[in-house]
Amino acid sequence: ESIAAAMPAGILNFTFMSFFIGAAGYVTTFIAQYHGAGYPEKIGPSLWQGIYLSLIGGAVMLMIVPAAPVIFRLADHDAGIQELEVIYFTILCYGGFPAIAASSLSGFHSGLGKTWPIMWINISATLFNIIFDYLLIFGHAGFPEMGIKGAAIATALSGVVSVSLYIII
């Protein structure tokens with residue numbers, strides 16, 4: 001049931017977030033143009049526009065949460081699967097802002113031509129997700145067994161790790 005619930009809930013979450021992730025990623029274009037043209041004073045405002053868009057996107061994701069039960073009821077899956085879909089989708093929505101903000105912040109580095117940090121941050125966030133999936137889904141190393149809820153928490157927290165690493169560098 002968890003696997004049957006994770007796929008549609010994850011895809012629906014990404015469908016809603018993809019508009020904001022794509023739009024926030026446009027900071028790459030502006031930063032690259034300003035960097036190449038020698039206008040460094042315009043880079044910061046471009047990045048902040050991406051951050052503002054990330055905040056709006058995060059807020060929209062939170063506004064979708066109350067509709068989750070209705071949305072998944074329309075899919076007409078078994079009641080147990082619907083319940084798991086709502087749990088997974090809701091937690092992923094709570095992690096909307098960091099996921100969208102990571103797109104803006106990676107666009108900053110990409111626009112400056114610094115792609116190595118992006119690769120290492122993505123690898124780090126992915127490894128975090130894999131490790132915490134194992135710990136939270138199955139309940140190892142003192143963590144409670146949480147199943148699909150643990151998978152969603154690990155995924156949402158990997159976005160926080162990604163944004164945190166971008167902010168640090």
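Residues numbered from 1 in each chain as written. Predicted model: local features only at pLDDT ≥ 70, side-chain atom pairs only at ≥ 80, totals over all residues. Heavy atoms only, no water.

Moving on, we get to the nonpolar core. In this structure, Phe72, Tyr88 and Phe89 are the most contacted members of the largest nonpolar core, which totals 23 residues. Listing elements by their share of this core, those giving two or more residues are helix H1 (2-24), helix H3 (43-64), helix H4 (68-74), helix H5 (79-94) and helix H8 (148-168). The contacts of Phe72, once residues within four sequence positions are left out, are Pro8, Ala9, Leu12, His77, Gln82, Glu85, Val86 and Phe89. Counting residues in hydrophobic clusters, the runner-up holds 13 residues, among them Val27, Ile51, Ile121 and Val163. (Core = buried A, V, L, I, M, F, W, Y, C linked by side-chain atoms within 4.5 Å. Buried < 20%, exposed > 50% of the residue type's maximum accessible area, 1.4 Å probe, protein only. Helix = DSSP H or I, 4+ residues; strand = E, 2+ residues; numbered from the N terminus. Contact = heavy atoms within 4.5 Å.)

A few words now on the environment of Ala37. Note on placement: Ala37 falls in helix H2 (residues 27-37). Its relative accessible area of 47% is what places Ala37 among the partly exposed residues. Taking the C-alpha atoms as reference points, Ala37 and Pro144, separated by 107 residues in sequence, lie 53 Å from one another.

Once that is clear, we can look at the packing of aromatic side chains. We describe a pair of aromatic rings using the distance from one ring centre to the other and the angle between the two ring planes. Tallied over the full model, the rule gives 7 aromatic pairs. With 4.3 Å between their ring centres and 25 degrees between their planes, Phe128 and Phe132 make a pair best called stacked. Within this pair, Phe128 and its partner Phe132 are both found in helix H7 (residues 116-138), separated by 4 residues, close to a single helical turn. Taking the relative accessible area as the measure of exposure, Phe132 reaches 21% and is therefore partly exposed. (Phe/Tyr/Trp six-rings, centres within 6.5 Å; stacked < 30°, edge-to-face > 60°.)

So, on to a negative patch on the surface. A cluster of acidic residues, Glu1, Asp76, Asp78 and Glu83, forms a negative patch at the surface. Within the element layout of this structure, Asp76 appears in the loop between H4 and H5. (Patch = residues over 30% accessible without salt bridge, like charges linked within 9 Å, V, L, I, M, F, W, Y side chains within 5 Å. Areas by Shrake-Rupley, 256 points an atom, 1.4 Å probe, with all protein chains shown as cover. Salt bridge = Lys/Arg side-chain N within 4 Å of Asp/Glu carboxyl O. Lys, Arg positive; Asp, Glu negative; His and termini not counted. Charge placed at Lys NZ, Arg CZ, Asp CG, Glu CD.)

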